[in-house]
Structure formats: C-alpha cells, structure tokens
Amino acid sequence: MTITRRQALALGAGAAVLTAAGLPSLAFADDAKVQAAIDAFSGGAAPETGTVSLTAPEIAENGNTVPIGVSVDSPMTEADHVTEVILLAAGNPQPGVATFHFSPMSGAAEATTRMRLAKTQDVIALAKTSTGKVYMDRKSVKVTIGGCGG
C-alpha cells in the first residue's frame, strides 16, 4: 500500500487539528461535588469522627481492585443501630462508590469490597445511625497505576 503526498498532508493536517483542539481528558470529581455528596448523606450536619473505622491500603499498586473495609462501632440494637454506610472516592469521576444498608438484625455494621480508583486520592466512609448521628473516616490511598484509564 502506498500513501500519496495528498493523503500524507491530510493526515498531518488532521493531527494538527486534534493537537490544537486538545484531546478529551478524564473529568474527575471536584471538592464541591464530594462535599455535596457528604451534605446530601448527612443532611447538612457536620459528621463526627471516631466511630467509623475505614481500612484501606496506603499504597495500591493497581487502582483496578483496591480492597476497602469499613466497620462502625455500634450496639446494633433496635433503639441505636447503623442504618446506612456509604463509600466515596474523592478523585474518581463520580465520587459515590458503594452504599451498604444495615438493620439491628445485621448484628454488626461491617462491610468489605473492592473499588476502582482513578488516581491517588482520599477514600471517605460515612455512617448514619437510627438516632440521626453521622460519622466519618477518611484515608488517603496512593495509586501507582490508575484504574479508570489513568
């Protein structure tokens, strides 16, 4: 197959247009989007710390499968139990990653999962109780190979 001079010029012109226009890039969640998710979950109240324990690796060699664990210190009685836990990834295109629902019959408010992280970022766990309190924990995870195309 031979390429004519006209075809070579057309390819060069097309490459120049793409370079000048800029290639599309990944959009990541901004702080306002993460804060909006926290406010929506907490109803605008400031989350307390100390009751939620988030387990995440300090360094994730591959962002495609990062193991995450969350547990909440709660009596899990009918009068006082964890109703919901959410996980947020502050640097992913969409911060919401997982939601777990609990009841007193759960016995314990614990969950483990794996999540995809696009880049080095904070992972946030928020827990809501039947008494209306909201608790939060945050861990920073350094990602060496991004899991969302990065």
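Now for a look at the structure at hand. Everything quoted here is computed from the prediction, not taken from an experiment.

**Some words on the pattern of salt bridges**
Part 1 of the reasoning: Enumeration according to the criterion identifies 2 salt bridges in this entry.
Part 2 of the reasoning: Notably, a salt bridge pairs Asp 122 with Arg 138, separated by 3.3 Å at the nearest N-O pair. Separated by 16 residues along the polypeptide, Asp 122 in strand β7 (residues 121–129) and Arg 138 in strand β8 (residues 134–143) bring together distant segments of the chain.
Part 3 of the reasoning: We classify Asp 122 as partly exposed; its relative accessible area is 24%.
Part 4 of the reasoning: Put simply, Lys 139 and Asp 137 hold a salt bridge, and the shortest N to O gap is 3.9 Å.
Part 5 of the reasoning: The class for Lys 139 is partly exposed, based on a relative accessible area of 32%.

**Some points on the nonpolar core**
Part 1 of the reasoning: Val 70, Val 82, Val 85, Leu 87, Phe 102 and Leu 117 are the most contacted members of the largest nonpolar core, which totals 25 residues.
Part 2 of the reasoning: Secondary-structure elements contributing two or more residues to this core are β1 (52–55), β3 (66–72), β4 (82–89), β5 (96–101), β6 (109–115), β7 and β8.
Part 3 of the reasoning: Other than its neighbours up to four places away in sequence, Val 85 contacts Val 70, Val 72, Ala 98, Thr 99, Phe 100, Phe 102, Leu 126 and Ala 127.
Part 4 of the reasoning: Ile 38, Phe 41, Ile 86 and Ile 124 belong to the second largest nonpolar core, which has 10 residues in total.

**With respect to the sheet that holds β4**
Part 1 of the reasoning: Within the open sheet, the 5 strands sit side by side as β2-β8-β7-β4-β5. Their pairing is mixed. Strand pairing shows two members of the sheet lacking a second neighbour, β2 (59–60) and β5, which therefore form its edges.
Part 2 of the reasoning: By the bridge criterion, 7 bridges tie β4 to β7 in an arrangement that is antiparallel. Note on β7: the bridge partner recorded for Ala 89 is Val 123.

Reading the values: rules and limits
- Residues numbered from 1 in each chain as written.
- Predicted model: local features only at pLDDT ≥ 70, side-chain atom pairs only at ≥ 80, totals over all residues.
- Heavy atoms only, no water.
- Salt bridge = Lys/Arg side-chain N within 4 Å of Asp/Glu carboxyl O.
- Helix = DSSP H or I, 4+ residues; strand = E, 2+ residues; numbered from the N terminus.
- Buried < 20%, exposed > 50% of the residue type's maximum accessible area, 1.4 Å probe, protein only.
- Core = buried A, V, L, I, M, F, W, Y, C linked by side-chain atoms within 4.5 Å.
- Contact = heavy atoms within 4.5 Å.
- Pairing = 2+ DSSP bridges.

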